[in-house]
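# Examining the three-dimensional arrangement
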Amino acid sequence: ITHASFGGIGLGIYLGINPILSAAGAAILAAFSIGKLSRTEGIREDSAIASIWALGMALGVLFMTLTPGYATSLPAYLFGNILLVTAGDLIALALLAVLLIALFSVGYRQILYTAFDRDFARVRGMNVGLWERGLLILVAVSLVLTIRSVGIMLLLSLLTLPQTTIGLFTADFRKIICGSIILCLIANVGGLLLSYYLISVPSGVLIILLLFLFLALGKCLSAITRRRAQHARG
């Protein structure tokens with residue numbers, strides 16, 4: 001979904017409209033397309049993801065190539081630029097955060113069952129299709145609103161590294177959510193401070209590097225903890 005949204009960005013720049021709005025449309029379309037291809041068309045999910053991903057990136061490059069002066073905006077969308085974040089972006093992110101907090105507070109069990117055990121959710125009488133579509137839309141919107149900060153190429157790491165790190169120490173879904181939020185906050189603030197005060201490197205790159213550092217430290221700490229537990233049992 002992240003890379004497929006690049007097609008929407010290219011289309012927005014080519015048509016002269018807000019590329020974030022067109023990217024949101026492309027992201028939502030990509031999310032539903034992946035679901036349809038993998039569940040009703042008999043295509044493996046990883047193949048569907050790869051196909052939509054490649055199509056979105058190809059269309060993005062095509063539209064930007066056709067747009068005069070595209071090269072000036074291409075790096076910012078691919079690798080992020082914190083200077084491009086506007087007050088409107090911050091307001092939209094704040095509203096999204098409030099919506100997600102409210103949704104997870106009210107529908108935590110429904111989200112958990114839909115994400116990890118669709119059959120059990122159906123047995124409990126849940127409208128799995130509705131919840132899945134709603135979550136796909138929220139994922140797509142979340143991705144698009146974060147593109148300006150770290151860029152399309154680095155955004156996937158921002159989504160996967162925090163929970164991977166926290167998952168080394170716990171399998172509790174609530175703890176993974178809370179821990180990932182805290183880890184992202186530390187990495188984002190740390191990346192911004194490093195970029196501003198120490199080295200002239202885009203903040204998005206430093207944020208991802210910090211998250212990789214946290215993952216490496218987490219792996220070391222997890223390994224030490226397991227060894228100590230084995231020695232204690234022995």
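Below, the structure is looked at part by part. Here the structure is a predicted model, which means the values were calculated and not measured. (Residues numbered from 1 in each chain as written. Predicted model: local features only at pLDDT ≥ 70, side-chain atom pairs only at ≥ 80, totals over all residues. Heavy atoms only, no water.)

In this structure, the second largest pocket occupies an estimated 220 Å³ of space. Together, 13 residues line the second largest pocket, and Ala 4, Ala 26, Leu 29, Leu 55 and Leu 59 are the ones closest to its centre. Put simply, the parts of the chain that give the lining of the second largest pocket at least two residues each are helix H1 (5–15), helix H2 (19–39) and helix H3 (45–66). A per-class count over the lining of the second largest pocket returns nine nonpolar, four polar and no charged. (1 Å grid on protein atoms, 1.4 Å probe; cavity = no way out; pocket = protein on both sides within 12 Å on 5 of 7 lines; lining within 4 Å. Points joined across faces, edges and corners; volume = space filled by probe spheres on them. Helix = DSSP H or I, 4+ residues; strand = E, 2+ residues; numbered from the N terminus. Nonpolar A, V, L, I, M, F, W, Y, C, P; charged D, E, K, R; others polar.)

Evaluation of the coordinates by the stated rule reveals zero disulfides. Free of any disulfide, Cys 178 has its nearest neighbouring cysteine sulfur in Cys 184, separated by 13 Å. (Disulfide = S-S within 2.5 Å.)

Turning our attention to the side chain of Thr 2. Within the fold, Thr 2 resides in the segment before H1. Residues contacting Thr 2, with those up to four places away along its chain left out, are Leu 143, Ile 152, Leu 155 and Leu 159. (Contact = heavy atoms within 4.5 Å.)

Turning to its location among the elements, Thr 114 is positioned in helix H5 (residues 87–116). Polar side-chain contacts of Thr 114 include one of 2.7 Å to the backbone oxygen of Gln 110. Aside from chain neighbours lying at most four places away, what touches Thr 114 is Ala 121, Met 126, Val 128, Trp 131, Glu 132 and Leu 135. (Polar contact = N/O pair within 3.5 Å; in protein donor to acceptor, adjacent residues only side chain to side chain.)

Okay, the packing of aromatic side chains next. According to the stated counting rule, one finds five aromatic pairs in the structure shown. The interplanar angle of 85 degrees and the centroid separation of 5.4 Å between the aromatic rings of Phe 116 and Phe 173 together place this pair among those described as edge-to-face. In this pair, Phe 116 sits in helix H5 while Phe 173 sits in helix H9 (residues 173–197), placing the two residues 57 residues apart along the sequence. Accessibility expressed as a relative area gives 59% for Phe 116, which makes it exposed. Above the face of the Tyr 108 ring, Arg 174 is positioned so that its terminal group lies 4.0 Å from the ring centre. (Phe/Tyr/Trp six-rings, centres within 6.5 Å; stacked < 30°, edge-to-face > 60°. Buried < 20%, exposed > 50% of the residue type's maximum accessible area, 1.4 Å probe, protein only. Lys NZ or Arg CZ within 6 Å of the ring centre and 35° of its normal.)

This brings us to the packing of H1 against H2. Taken N-terminus to C-terminus, the directions of H1 and H2 make an angle of 145 degrees; their axes are 7 Å apart at the nearest point. In terms of crossing hand, the pair formed by H1 and H2 is right-handed. Residues Ser 5, Gly 8, Ile 9, Gly 12 and Ile 13 of H1 touch H2, and the partners they reach there are Pro 19, Ser 22, Ala 23, Ala 26 and Ala 27. Here the residues of the contact of H1 with H2 are counted per class, giving six nonpolar, four polar and no charged. (Axes fitted to C-alpha atoms, helices over the stretch in contact; angles between N-to-C directions. Left-handed = near helix turned anticlockwise from the far one by under 90°.)

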